[in-house]
Number of protein chains: 2
Amino acid sequence: MAATNPRTPPKPVMRDSLIAAAFRLFLERGYEQTTVDDIVTLAGVGRRSFFRYFPSKEDVVFPDHEQCLDDMTRFLAASADTDDPVVRVCDAARLVMRMYAENPTFSVQRYRLTREVAGLRTYELSVVWRYEKTLGDYLRTRWADRKDGTLRANVAAAAVVAAHNHALRHWLRSGGEGDPLEEVDRALEFVRGTWSPDAAAPPAGPDASAEGADDVVVVITKRSTPMWRVVREVESSLGEG
Amino acid sequence: MAATNPRTPPKPVMRDSLIAAAFRLFLERGYEQTTVDDIVTLAGVGRRSFFRYFPSKEDVVFPDHEQCLDDMTRFLAASADTDDPVVRVCDAARLVMRMYAENPTFSVQRYRLTREVAGLRTYELSVVWRYEKTLGDYLRTRWADRKDGTLRANVAAAAVVAAHNHALRHWLRSGGEGDPLEEVDRALEFVRGTWSPDAAAPPAGPDASAEGADDVVVVITKRSTPMWRVVREVESSLGEG
DNA sequence: AGAATTCCGGCACCGAGTGCCGCACGGGGC
DNA sequence: GCCCCGTGCGGCACTCGGTGCCGGAATTCT
């Protein structure tokens, strides 16, 4: 071995070396076949230090999500009230995709792990849930005055997360080829266009948005139709303005 | 609890007594403060038997989800191709809500546990994910010919699950008062009306099943909506016929 | 330099989960 | 009656993730 580098710029040297050692072992012999003792032995540190930097063995697989979640929270907190909430939330989702895109090989390797190991998959689920909750909380406050605002917020957050994950997984399955940002844009556009028709993207002129409050309900019935149901549909949709 | 379910071929005596003992201890001294040894001691059985009936300590908190997931899978597999996929998926979500509604007190107690204990929350997340995946798989096969079918399926499944959870959590937070089925119907109606405009239909539609070909397309758009988008939705939904 | 704080390693310990073995059933078969 | 065999249960003994605690070394402050 060459002489150790005397330059140690920041402080997270041990943290990074633990991540490196962990992934080396995870990829070559599997996650569950690797014990924490194996990791700390390879990294040349004490076992106790591992749990100082990572609260659990699973956390070492997702070392950057905590930071990304902070970024998203700050991003949403810094949004103006004039912005379209849905657009803002889509941009927040793009933040996550950008994090994945920064290290394609690392992201792909991690994806292979999470696909095989059930424990890592559930851990990733909990991370995704925190993202979704962050988006949902933001939408909830923005739509606090709206009737069914919380329901709308929950569903919208779930749809955005689902679209993001769709694009992300497709990109990861391809091995990190192509531009994931482009893919997630397509998916989010689909969500925004299909789910939330207000403030459509392509035409920048949303008519009757200022103080109109005039709901437009279009009912198209083809052939014979049980009218009682159509009436109920219209009534229920008019009931929530 | 009286013996209710006749569909239990094996002898669930020990299993039920383990569940009862576990919840007694969980509710009186907390989940993490209760060890598996405490449970088996109270139940009067050996420690090894616990893990014969429940693969992990968390599984004892969700003893009925496995059965419910099977029910949902069978329900979707038994659906005719003429059914509206979205309606079918909403009915599948109702199945889950019905399971919760069968034992309100038990559901509320479990809800309190999952709210406090982080480990149980992530476990519940993994269960919800399996439901969502089941719904998504079904929609994916139904929309295989559609452009962006998988994206549509993922987002729709996520929206349905989010709406279901919204109604469920609201009902659980109220302590199990009122009719949760009614609440989930409202929430699912919102999703179907807002997200998927094609073919609004009653859950048990007696019409349109005899000789078919009488498609009813109802498009409801809230607020002012760019008409080109409505037209596009109608056209695409008519193209499937 | 001396003191205080922080960082690290090495225990000892707890609890979840597993493999293995022995035992007590219970039911045929003869 | 006996023996045989499959099954369900209990009781180890063990691994491994995770935590509390303490002593020592490195670093920083004054």
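Quick caveat: nothing in here was measured; it's all calculated off a predicted structure. (Residues numbered from 1 in each chain as written. Chains lettered and ligands numbered in written order. Predicted model: local features only at pLDDT ≥ 70, side-chain atom pairs only at ≥ 80, totals over all residues.)

> Would you explain the environment of A:Leu151 in this entry?
Within the fold, A:Leu151 resides in helix α8 (residues 149-173). Between the C-alpha atoms of A:Leu151 and A:Arg140, which are 11 residues apart in sequence, the distance is 8.5 Å. Setting aside chain neighbours within four positions, we find A:Leu151 in contact with B:Ala163, B:His166, B:Ala187 and B:Phe190. (Helix = DSSP H or I, 4+ residues; strand = E, 2+ residues; numbered from the N terminus. Contact = placed C-beta atoms within 7 Å.)

> Is there a simple way to explain unusual backbone geometry in this structure?
Glycine aside, the phi torsion of most residues is negative, and most peptide linkages are trans. Within the chain, A:Asp148 stands out as a residue other than glycine whose phi angle is a positive 60°. With respect to the helices and strands, A:Asp148 occurs in the loop between α7 (118-142) and α8.

> Explain the domain arrangement of chain A here, please?
A common measure of how large an interface is: the accessible area buried when the components associate. Residues and elements named next belong to chain A. The assigned domain composition of chain A is domain 1 (13-59) and domain 2 (62-194). Summarising the inter-unit geometry, the C-alpha centres of domain 1 and domain 2 are found 28 Å apart. Taken together, the contact between domain 1 and domain 2 spans 8 residues of the former and 8 residues of the latter. Split by residue class, the side of domain 1 that touches domain 2 holds 5 nonpolar, no polar and 3 charged. (Domains from an automatic or database assignment. Nonpolar A, V, L, I, M, F, W, Y, C, P; charged D, E, K, R; others polar.)

> I keep staring at the protein's contact with DNA strand C and nothing clicks. Help me out?
As a structural note, the neighbourhood of DNA strand C is formed by 14 residues, with A:Gly46, A:Arg48, A:Ser49, B:Ser56 and B:Lys57 the closest of them. Of all the elements in the fold, those that place two or more residues in the surface near DNA strand C are α3 (47-53) of chain A together with α2 (36-43) and α3 (47-53) of chain B. Of all the elements, α3(A) adds the most residues to the surface near DNA strand C, at 3 residues. Split into classes, the residues belonging to the surface near DNA strand C amount to 5 nonpolar, 4 polar and 5 charged. (Near = placed C-beta within 6 Å.)

> Would you explain the nonpolar core in this entry?
Soluble, globular proteins show a tendency: their nonpolar side chains are buried together. In terms of nonpolar packing, the biggest core is built from 68 residues, with A:Val89, A:Ala159, A:Val160, B:Val89, B:Ala159, B:Val160 and B:Ala163 touching the most fellow members. The residues touching A:Val160, leaving out its near neighbours within four places in the chain, are A:Val89, A:Cys90, A:Ala93, A:Leu135, A:Leu188 and A:Val191. (Core = buried A, V, L, I, M, F, W, Y, C linked by C-beta atoms within 7 Å. Buried ≥ 20, exposed ≤ 12 C-beta atoms within 10 Å, placed from the backbone.)

> Where do I start with the protein's contact with DNA strand D in this structure?
Around DNA strand D, 14 residues are found, and the nearest of them are A:Ser56, A:Lys57, B:Val45, B:Gly46 and B:Ser49. Considering every element that reaches the surface near DNA strand D, the biggest residue donor is α3(B), with 3 residues. Along the lines of polarity and charge, the residues of the surface near DNA strand D split into 5 nonpolar, 4 polar and 5 charged.

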